[in-house]
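# Summary of structural features
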Amino acid sequence: MTYMRIVRFIPSALCAFCLIAHLDARGADGSIFERHAYKDIYVALSTGNDAGTGGAQSPFASIQRGIDELYRINAAGYPSRLVIRPGVYRASVYMTNTPARNDLPIIIEAIGAVMISGADIWNNGWQRENGVYRKPWPYAWSVLGKPSGWETVKMKDIVRRSEMVIVNGRPLLQASAMPARDDTFFIDDTAGMICLRTKADPNGTHDVIEVAVRPLNRGDRLMLFKNISNLLVRGLTVTHARNASFPEMACGFLGMTNLVVERCTFVQNNWGGMNTGADSSAVTIRGCGFISNGITGGAISGASNVLVEGLCAEYNNWRGIRGGFWGWGIAGNKSVRLRDAQFRNCSFSSNQTFGLWFDVYCHSIMVESSRIRGNRFSTETIEDGGYGLNFELSIGLVVSNCIIADQSTGLLSEGASNMVFIDSVFSNHTHQHMLFPMKMREQGNTGEAWWPSAMSTSGLSLFKNRIGYSRARIINVFVKDEKEHRNAGHFIADYHGDENEFYAPKNSGFTFLENGRSTNAGLSDWQRTSGQDKRSINRE
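Residues numbered from 1 in each chain as written. Predicted model: local features only at pLDDT ≥ 70, side-chain atom pairs only at ≥ 80, totals over all residues. Heavy atoms only, no water.

### Regarding the sheet that holds strand 7 (residues 127-129)
- An order of 7-8-13-12-11 is seen for the five strands of this open sheet, with the pairing classed as mixed. Taken across any chain shown, the strands that pair with only one partner, and hence form the sheet edges, are strand 7 and strand 11 (173-174).
- Taken together, the three bridges between strand 7 and strand 8 (residues 132-136) define a ladder with antiparallel strand orientation. Bridging across to strand 8, Arg128 finds its partner in Tyr133. (Pairing = 2+ DSSP bridges. Helix = DSSP H or I, 4+ residues; strand = E, 2+ residues; numbered from the N terminus.)

Right, here's the structure in full:
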């Protein structure tokens with residue numbers, strides 16, 4: 001079945017496709033970076049000197065010195081490229097627009113393995129007592145305060161700490177008291193000491209002890225780019241960034257125009273990996289990773305005309321889950337105010353939080369040929385919780401040729417409209433869909449005249465999907481408003497679906513609210529109630 005065939009016959013699908021018909025999510029214009037001759041600047045950690053010329057034979061030592069030279073060359077009217085040679089660069093990076101800046105392209109590119117780290121080497125000076133290594137701790141960071149709007153969010157102190165210790169490349173778990181087992185550390189704020197228990201020798205030469213203490217830049221980030229046009233960043237790894245406040249990412253791209261981020265990895269940072277925002281436009285994120293960050297993977301948000309290809313957002317929220325924090329503003333990737341965006345060939349998997357979350361004022365989104373799997377709040381069983389895809393207070397989602405599997409809930413939708421799923425697989429969930437028609441409420445001023453003042457979940461379309469095979473017991477859960485026990489009739493009225501394969505018990509695969517009561521029904525009852533899925537089949 002082609003998209004055009006669906007559009008021709010299905011009004012609800014037509015609405016969704018009309019919303020994205022104008023979709024111009026090609027991302028950045030990469031050709032801009034290909035049609036110029038560049039003046040190259042070189043940085044080399046081991047052989048460079050910031051007093052040098054920045055040439056191939058006289059490289060700078062620091063990335064920030066190279067960026068300062070980028071400003072000068074760009075202001076002189078030349079496209080410029082910063083070539084970074086291999087090394088672990090332990091310093092923050094900051095780049096913003098200047099009055100002398102023009103729109104000629106800038107490339108920042110790693111040659112070989114380049115790591116920007118927020119950690120310093122802390123070997124030597126440790127005193128051992130009762131199996132615990134101790135060292136004076138000169139920082140008074142303690143527990144971070146909550147930002148505005150987070151006052152009612154329950155967060156244990158361990159979630160609000162910002163310290164990190166890494167031994168031989170492996171982060172230690174932070175304890176709330178003196179460490180009693182290996183591979184843990186504790187910050188004793190009262191005594192002003194850092195204490196760690198490890199089998200490594202922090203005073204020796206064979207083990208490397210790193211502590212995330214590097215000063216952050218003016219944006220409380222390890223790496224920040226602001227209000228720049230025609231920028232390509234390629235091949236960097238950003239890691240071990242603490243956060244001086246939250247929710248701040250290790251790297252931010254804010255107010256950007258025509259931005260390309262390629263083959264960059266944001267890994268093992270205390271809070272989150274990378275975000276976009278501040279009304280960026282024409283953005284391409286290609287071949288990047290949000291991996292093993294303490295709370296959230298990333299936030300591709302506050303942007304329009306966005307293309308995300310080959311993103312891997314996995315194993316995030318190792319810090320949050322230890323404090324029971326998993327569902328407020330975090331995911332493998334969470335997007336807010338994202339418009340005209342395509343996600344292709346991505347993986348949002350094995351996060352201890354949501355997999356992929358579109359929340360508040362997202363519009364015209366396509367997710368194609370991607371995997372959303374195994375996102376759970378506990379690693380014990382699927383029933384311990386976990387959400388794959390969340391589409392909330394947003395309009396226009398098309399999901400095509402995707403696998404959404406191995407979570408408690410495949411799709412969570414609240415106050416969203418016009419969602420189309422085609423040729424996709426939902427499997428091994430407790431609930432395949434949980435659709436919460438939220439109470440109609442004012443959503444605030446978005447600054448967009450076309451945005452409705454109030455929303456409720458509506459307009460789901462399912463075509464040629466395989467839904468529920470393996471462990472599922474409930475296929476569709478249409479849940480009433482929690483307070484008003486409102487029927488889901490309005491939702492069913494504009495549901496459309498056909499040619500789906502449902503894998504569920506024959507007489508109880510569908511659950512929905514009817515006349516104030518929860519009704520369990522089989523496919524034939526569902527077909528009669530909804531008037532849809534006439535060519536769909538049930539494979540118990």
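Picking up after the structure, the text goes on.
### Examining the pattern of salt bridges
- Enumeration over the complete set of coordinates arrives at 21 salt bridges.
- Salt-bridge contacts for Arg344 lead to Glu309; the nearest nitrogen and oxygen are separated by 2.6 Å. You can see Arg344 sitting in strand 27 (residues 338-344) and its partner Glu309 sitting in strand 24 (residues 303-309), a full 35 residues away along the chain.
- Taking the relative accessible area as the measure of exposure, Arg344 reaches 26% and is therefore partly exposed.
- Linking Arg535 and Asp498 is a salt bridge whose minimum nitrogen-to-oxygen distance equals 2.9 Å. Of the two residues, Arg535 sits in the loop between helix 6 (523-530) and strand 46 (537-538) while Asp498 sits in strand 42 (residues 496-498), which places them 37 residues apart along the sequence.
- Because the salt bridges share partners, they merge into one network encompassing Glu109, Arg234, Glu262, Arg286, Glu309 and Arg344. (Salt bridge = Lys/Arg side-chain N within 4 Å of Asp/Glu carboxyl O. Buried < 20%, exposed > 50% of the residue type's maximum accessible area, 1.4 Å probe, protein only.)

### Observations regarding the pairing of strand 26 (residues 331-335)
- With respect to burial, strand 26 is a largely interior element, five of its five residues being buried.
- Note that strand 26 and strand 29 (residues 354-359) share four bridges and pair parallel. Pairing of Ser335 across the sheet is with Phe358, part of strand 29.

Function cannot be read off these values alone, since they describe shape.
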